[in-house]
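Listed below are the residues making up each chain.
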Amino acid sequence: MPAPGASPVREPHLVDMVIFRENTEDIYAGLEVPSGSPEAARLIELLHDAFGWEIRADAGVGIKPVSKFGSQRLQRAALNYAVRRGRKRVHWVHKGNIMKFTEGAFRGWGYELVREEFADVAVAWEDCGGDAGDKILVQDTIADIALQQVLTRPASFDVIATMNLNGDYISDALAAQVGGIGIAPGANINYVTGHGVFEATHGTAPRYAGQDKVNPSSVLLSGALMFEHLGWQGAADDIIAAVEATIGDGIVTYDFARLTEGATEVKCSEFAAAIIDRL
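If you're wondering where the values come from, they're calculated on a predicted model, not measured in any experiment. (Residues numbered from 1 in each chain as written. Predicted model: local features only at pLDDT ≥ 70, side-chain atom pairs only at ≥ 80, totals over all residues. Heavy atoms only, no water.)

**Topic: empty space enclosed by the protein**
Spelled out, the test is: Only protein atoms enter the 1 Å grid used here. Points where a 1.4 Å probe fits but cannot escape make up a cavity, open sets with protein on both sides within 12 Å along at least five of seven lines make up a pocket, and a residue lines them when an atom lies within 4 Å of a point. Grid points are joined across faces, edges and corners, and a volume is the space filled by probe spheres set on the points. Polar here means any residue outside two lists: the nonpolar Ala, Val, Leu, Ile, Met, Phe, Trp, Tyr, Cys and Pro, and the charged Asp, Glu, Lys and Arg; Gly therefore counts as polar.
Counting across every chain of the model gives one cavity of 30 Å³ or more. Empty space within the largest cavity amounts to approximately 30 Å³. Along the walls of the largest cavity sit Glu22, Glu25, Asp26, Val66, Gly70, Ser71, Phe106, Met163 and Asn164, which together make up its complete lining. Within the lining of the largest cavity, the residues separate by chemical class into three nonpolar, three polar and three charged.

**Some thoughts on the layout of surface pockets**
Approximately 340 Å³ is the volume found for the second largest pocket. Every residue lining the second largest pocket is listed: Ile27, Gly30, Leu31, Glu32, Leu47, Trp53, Val61, Gly62, Ile63, Lys64 and Thr102. Split by residue class, the lining of the second largest pocket holds six nonpolar, three polar and two charged.

**Looking at the pattern of salt bridges**
To keep it simple, the criterion reads: The term salt bridge refers to a side-chain nitrogen of Lys or Arg lying within 4 Å of a carboxyl oxygen of Asp or Glu. Helix numbering and strand numbering both begin at the N terminus, where a helix is a DSSP run of H or I of at least 4 residues and a strand a DSSP run of E of at least 2. Only protein chains enter the calculation, and the probe is 1.4 Å; a residue is then buried if its accessible area is under 20% of its type maximum, exposed if over 50%, and partly exposed in between.
One pass over the structure, following the stated rule, counts 15 salt bridges. One salt bridge in this structure joins glutamate 22 and arginine 73, with 4.0 Å as the shortest N-O distance. Residue glutamate 22 is found in the loop between β1 (18–21) and β2 (32–33), and its partner arginine 73 is found in helix α2 (residues 68–85); the two are separated by 51 residues along the sequence. Take arginine 73: its relative accessible area is 29%, and that puts it in the partly exposed class. The partner of lysine 68 in a salt bridge is glutamate 112, with the nearest N and O atoms 2.8 Å apart. Taken together, the positions of lysine 68 in helix α2 and glutamate 112 in helix α3 (residues 103–117) put the pair 44 residues apart, joining distant regions of the chain.

**Concerning the pairing of β1**
What counts is decided by this rule: DSSP bridges decide pairing: two strands pair if at least two such bridges lie between them.
Of the two faces of β1, only one is covered, namely that formed by Val18 and Phe20; the face formed by Ile19 and Arg21 stays uncovered. Relative to strand β7 (residues 159–162), β1 is paired through four bridges, and the arrangement is parallel. Directly across from isoleucine 19, in β7, lies its bridge partner isoleucine 160.

**A short note on the environment of glutamate 32**
Under the convention used in this document: Here, two residues are considered to be in contact whenever any of their heavy atoms come within 4.5 Å of each other.
Here glutamate 32 shows up in strand β2. Judged by relative accessible area, which is 62%, glutamate 32 ranks as exposed. Beyond its immediate sequence surroundings of up to four residues, glutamate 32 is in contact with Val61 and Gly62.

**A short note on the nonpolar core**
Keep this limit in mind: Joining through side-chain atoms within 4.5 Å is the link that ties buried Ala, Val, Leu, Ile, Met, Phe, Trp, Tyr and Cys residues into a set, and such a set is a nonpolar core.
Counting residues in hydrophobic clusters, the biggest one holds 25 residues, and the most contacted among them are Phe20, Leu79, Val90, Trp92, Val138 and Val159. Contributing elements (two or more residues each) for this core: β1, α2, β4 (89–94), α3, β5 (122–124), β6 (136–142) and β7. In this view, valine 159 contacts Val18, Phe20, Ala78, Tyr81, Ala82, Arg87, Arg89, Val90 and His91; residues no more than four positions away in its chain are not counted. Counting residues in hydrophobic clusters, the runner-up holds 16 residues, among them Ile240, Ala242, Ile251 and Val252.

**Some remarks on the packing of helix α5 (residues 143–152) against helix α6 (residues 164–177)**
For the record, the criterion: A fitted line through C-alpha atoms serves as each axis, taken over the contacting stretch for helices, and the angle formed by two N-to-C directions is quoted from 0 to 180°. Each angle receives one of four descriptions, namely roughly parallel if under 35 degrees, roughly antiparallel if over 145, roughly perpendicular if within 65 to 115, and oblique otherwise. Throughout, a crossing is termed right-handed when the near helix is turned clockwise from the far one, and left-handed when it is turned anticlockwise from it by less than a right angle.
Relative orientation of the contacting elements α5 and α6 amounts to 10°, with a least axis distance of 10 Å. Relative to α6, α5 is oriented roughly parallel. α6 is crossed by α5, and the crossing has right-handed handedness. Contacts from Ala143, Leu147, Val150 and Leu151 in α5 reach Asn166, Tyr169, Ile170, Ala173, Leu174 and Gln177 in α6. Split by residue class, the contact of α5 with α6 holds eight nonpolar, two polar and no charged.

**Remarks on the pairing of β7**
The two faces of β7 match: Val159 and Ala161 on one face and Ile160 and Thr162 on the other face are all buried. Alignment of β4 against β7, held across four bridges, turns out to be parallel. For valine 90, the partnering residue across the bridge sits in β7 and is valine 159.

**Examining the confidence of the model for the protein chain**
For clarity, the threshold we go by: Every residue gets a pLDDT, meaning the predictor's confidence in that residue, from 0 to 100.
In the predicted model, the protein chain carries a mean pLDDT of 90, and the fraction of residues at 70 or more is 94%. Every residue in residues 1–14 scores below 50 in pLDDT, and together they form 25 contacts with partners more than four places removed in sequence or on other chains.

**What to know about unusual backbone geometry**
For aspartate 26, which is not a glycine, the phi torsion comes out positive at approximately 65°. Following the sequence through the fold, aspartate 26 ends up in the loop between β1 and β2. You will see that aspartate 212, though not glycine, has its phi angle at about 50°, which is positive. Here aspartate 212 shows up in the loop between β9 (196–200) and α7 (217–230).

Here it is in structure tokens:
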């Protein structure tokens, strides 16, 4: 196991996508008022008086903040990750063709960041015509097209950086390709301070509590992400290899068993024991 701070690069799988999802802004910021409330009536009136916007009186209203600071903090993290890991492509995924001043701004700020801070290691598609040489190629894709192409052309993607709602959709779409959210790891990381929280993409599953049934891979692989973040790449690689070997031998929990012909369905604890045997 390498010492903390060491960061050898693990060879990526045939298709190995990483999503950076901003999680403090966008419509997930919780800035909304319910239909029929005094707050909604006041906000609708304000928007009409200030901007001439016609909003139905019975509408609930939400505010979608997307800042340059929040966008570039996320984009910087994605680019730095791509540099450290030897990745070749970074995509800004957005709906800027419709939401020009929020998601469109996200796209523009991303390219601005590439030119101002990463010009020695990355280049925008529009600045090189797609020929990035030995640099990281940075391009953008409209969100609905991205949701199609991560399914039909996954090898075209490497590192994705996007906003909160888009990231929610895309992460589940990608998880579906490898068996479901039971195997999708997640992390909430502040790359400025180094603090991080590592957890299953899907969160908890209370209805399955005490049944010794649920696939623990998402939690285990989130732990591997934690070791990677700490610089303990060897530990992360061992966990990943053991999970892969167990699934490769057809030993799986119920969610994978129903998708895999000839698989041996086991309990959560039995799956964990099989992984330990392969460490």
